[in-house]
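Here are the chains, one letter per residue:
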Amino acid sequence: MQYDVVVIGSGPGGYVGAIRCAQLGLKTAVVEKYKTYGGTCLNVGCIPSKALLDSSEHYHNAAHTFTTHGINLKDLKVDMKQMIARKDDVVAQNTAGITYLFKKNKIDAFEGVASFEDKNTILVTKADGSTEKLTTKNVIIATGSKPTALPFLPVDKKRIITSTEALTLKEVPKTMVVIGGGVIGLELGSVYARLGTKVTVVEFAPSIISTMDAGLGKELQRVLKKSLGMEFLTSHKVTGASVKGKVVTVTADNAKGEAVKLEADYCIVAVGRTAYTQGLGLEKIGITPEERGNKIPVNDHLETAVKGVYAIGDVVKGAMLAHKAEDEGIYVAETIAGQKPHINYNLIPGVVYTWPEVASVGQTEEQLKAAGVKYKAGSFPFKASGRAKASMDTDGFVKVLADEKTDEILGVHMIGPRAADMIAEAVVAMEFRASAEDVARICHAHPTYTEALKEAALAATENRAIHI
Ligand code: FAD
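Just so it is clear, the structure is predicted and the values come from calculations on it, not from any experiment. (Residues numbered from 1 in each chain as written. Predicted model: local features only at pLDDT ≥ 70, side-chain atom pairs only at ≥ 80, totals over all residues. Heavy atoms only, no water.)

Looking now at the domain arrangement of the chain. When cut into domains, the chain gives domain 1 (2-147 + 274-337), domain 2 (160-271) and domain 3 (356-462). Taken together, the contact pairs 12 residues of domain 2 with 15 residues of domain 3. When the buried area of domain 2 at its contact with domain 3 is split by residue, Asp-213, Leu-216 and Glu-219 rank highest and sum to 51% of it. Where domain 2 meets domain 3, there are three salt bridges. The salt bridge partner of Arg-222 is Asp-395, with a shortest N-O separation of 3.2 Å. Applying the counting criterion to the domain 2 and domain 3 interface returns six residue pairs in polar contact (both at pLDDT 80 or more). Counted by class, the side of domain 2 that touches domain 3 contains six nonpolar, two polar and four charged residues. (Domains from an automatic or database assignment. Contact = heavy atoms within 4.5 Å. Buried area = accessible area lost by both parts, 1.4 Å probe. Salt bridge = Lys/Arg side-chain N within 4 Å of Asp/Glu carboxyl O. Polar contact = N/O pair within 3.5 Å; in protein donor to acceptor, adjacent residues only side chain to side chain. Nonpolar A, V, L, I, M, F, W, Y, C, P; charged D, E, K, R; others polar.)

Read from one edge of the open sheet, five strands run E8-E15-E9-E10-E11, paired in parallel fashion. Each of the sheet's edge strands pairs with one partner strand only, and the pair in question is strand E8 (160-161) and strand E11 (231-233). Bridge count for strand E9 (residues 175-179) against strand E15 (residues 266-269) is four bridges, and the pairing is parallel. The partner of Val-178 across the bridge, within E15, is Ile-268. Lying over the sheet, helix H7 (residues 183-195) contacts E9, strand E10 (198-202), E11 and E15, oriented at roughly 165 degrees with respect to E10. (Pairing = 2+ DSSP bridges. Helix = DSSP H or I, 4+ residues; strand = E, 2+ residues; numbered from the N terminus. Axes fitted to C-alpha atoms, helices over the stretch in contact; angles between N-to-C directions.)

What follows is about the nonpolar core. By size, the foremost hydrophobic cluster in this structure holds 52 residues, and its most contacted members are Phe-116 and Ile-141. Per-element tally for this core: the top contributor is helix H1 (residues 12-23), with six residues. With residues near it in sequence (within four places) discarded, Phe-116 still touches Ile-8, Thr-121, Ile-122, Val-139, Ile-141, Leu-280, Gly-281, Leu-282, Lys-284, Ile-285 and Val-309. (Core = buried A, V, L, I, M, F, W, Y, C linked by side-chain atoms within 4.5 Å. Buried < 20%, exposed > 50% of the residue type's maximum accessible area, 1.4 Å probe, protein only.)

Below, the discussion takes up the UniProt feature "active site" (unreviewed entry) in the chain. With numbering aligned to this structure, UniProt lists the feature "active site" (unreviewed entry) at His-446. Relative to the helices and strands, His-446 resides in the loop between helix H13 (436-441) and helix H14 (451-460). Judged by its relative accessible area of 63%, His-446 is exposed. Of note is the side chain of His-446, whose polar atom sits 2.7 Å from the side chain of Glu-451. (UniProt positions renumbered as here; feature names shortened; annotations may be inferred.)

With that settled, the discussion passes to helix H3 (residues 46-64). Spanning 19 residues, H3 covers 26 Å between terminal C-alpha atoms, matching the ideal 27 Å at 1.5 Å per step. Taken together, the buried positions of H3 are Pro-48, Ser-49, Ala-51, Leu-52, Leu-53, Ser-55, Ser-56, Glu-57, Tyr-59, His-60 and Ala-62. Structurally, H3 contributes buried residues whose contacts are with helix H2 (39-44), helix H4 (66-69), helix H5 (80-104), helix H6 (163-166), H7 and helix H8 (214-228). (Expected span 1.5 Å × (residues − 1).)

This part takes up the pairing of E9. Two faces make up the sheet, and in a regular strand the side chains alternate between them. Burial within E9 is extensive, with four of its five residues counted as buried. This β-α-β element, E9 to H7 to E10, shows right-handed connectivity. (Right-handed = clockwise from strand over helix to strand, strands pointing away.)

For the rest of this paragraph, the subject is the site of the ligand. Surrounding the ligand, one finds 39 residues, the nearest of these being Glu-32, Thr-40, Lys-50, Asp-314 and Ala-322. In this structure, Ala-114 approaches the ligand through a main-chain N or O atom, which is 2.9 Å from a nitrogen atom. Here an oxygen atom of the ligand sits 3.3 Å away from a polar atom, N or O, in the side chain of His-323. Calculation on the ligand without its partners gives an accessible area of 1,000 Å², and the protein chains cover 96% of this total. When contributions to the shell around the ligand are tallied by element, the ones reaching two or more residues are H1, strand E2 (28-32), H2, H3, strand E4 (113-118) and helix H9 (322-336). Looking at which element gives the most residues to the shell around the ligand, the answer is H2, with four residues. (Near = heavy atom within 4 Å. Areas by Shrake-Rupley, 256 points an atom, 1.4 Å probe, with all protein chains shown as cover.)

With that out of the way, let us pick up the UniProt feature "binding site: FAD" (unreviewed entry) in the chain. In this structure's numbering, the residues bearing the UniProt feature "binding site: FAD" (unreviewed entry) are Lys-50, Thr-143, Gly-144, Ser-145, Asp-314, Met-320, Leu-321, Ala-322 and His-323. Counting through the fold element by element, Gly-144 comes out in the loop between strand E6 (131-141) and strand E7 (145-147). Its relative accessible area of 15% is what places Gly-144 among the buried residues. Setting aside anything within four residues of it in sequence, one finds Gly-144 in contact with Ala-275, Tyr-276, Asp-314 and Val-315. With respect to the helices and strands, Asp-314 occurs in the loop between strand E17 (309-311) and H9. Note on Asp-314: relative accessible area 15%, which makes it buried. Residue contacts for Asp-314: discarding those within four places in its chain leaves Gly-144, Ser-145, Arg-273, Ala-275, Lys-295, Met-320 and Leu-321. Of the polar contacts made by the side chain of Asp-314, one reaches the side chain of Ser-145; its length is 2.8 Å.

Now the structure itself:
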């Protein structure tokens, strides 16, 4: 079969790109090596982690805040088997949705490992060893990423585990060490801390979520310690981990270079993800991944050094996020179809689905200072929000950073209830190059958490927030 486009990988980059190709009238095939579609995101990433975050949040609220609301429950306990089964069901619904969308859009889907014979020929090797050749005008590589392995930290997938195994634990551990205070480590650490596990996070950097605006990490660490009892060992360099029976021992050096030893039932290694290109046969078409991070080099149009071969999502530079992969899938599909699409990489929001949620878009204060940009900052705390008081979600704040002269919003950083959804307003405003004054003058429904963004915008423009 001759295709216009063969997409390798069915994660959010691959499946969205394939659907857009098909919408544009391109004859499209997808090759996926796993039995279900949706890649990391749907199978072992965004969706299952959020399913467990939601379940564990219900439990934590029932155990700790319901009585304050006047709701008394007796004999509350966690049914881990059911919690995991519900998560599996959510994953199954989502992956089945992709199968439906492929059929609806008349996309041919092949199960097997795809590798290049040459730039126009993809060999599909199936589980039974049989092969099939697909010829194509264009290829989109969307093979994603895998958890980064540390050479001195052997992951046995039983006690020393990655995020993938952490989504299927059969018990609530008594103790857990999470190596890495980034998004994935904090989300999964939160799941277990909410269920009653004593969680200790070990982080190399001096703060957690260290790539986000510094104020966010500080506040998140404070709240997670207060509400979930999570411990944080920042500025600690992990040196090793070993398993004896059911006990994991993690060793680290603290900031003074002193050795620290931690024991736990489980250890999640969440130190980042590495681009995945294994078995693609890139050498056959003359593509060499970058030494650091294994990313496939692409130009501004996401085209590799080989004409007609594109790469998107986690396997290329930039944020390793599902929505970035999706937008790149659409970008490449439209480019192949002869259109002139655009992605604003400055406005890709970043979210941490802890509680409170953390969300960010645009420049951080640290970035603006480093670039010598003169800016104004306005903050509004949720403790002054009527809506937040009603729901008892008073931790956190919204911060708006605006250009000192033009008042254009340069960054919005928030930690608080439903920040993951609220950040969308900031993204829209910034996409239209709104000033802080513009947002401050837009009518926001009362009482909503979104009023905190309006108040922060008011604070950024002549310090005129109303409720603080
Ligand atoms: P992937 O989703 O990794 O998909 C790649 C696919 O390619 C896989 O299905 C793989 O099997 C297939 N493949 C690889 N090689 C071949 C081959 N040779 N032949 C055929 N198929 C092949 N991001 C967010 O934006 N929000 C979140 O809340 C979020 N939560 C996360 C939680 C966790 C625990 C993890 C691990 C990740 C999370 N992410 C989140 C990140 C997100 O999952 C990734 O950024 C996203 O999945 C990347 O999409 P992709 O299409 O580039 O690759």
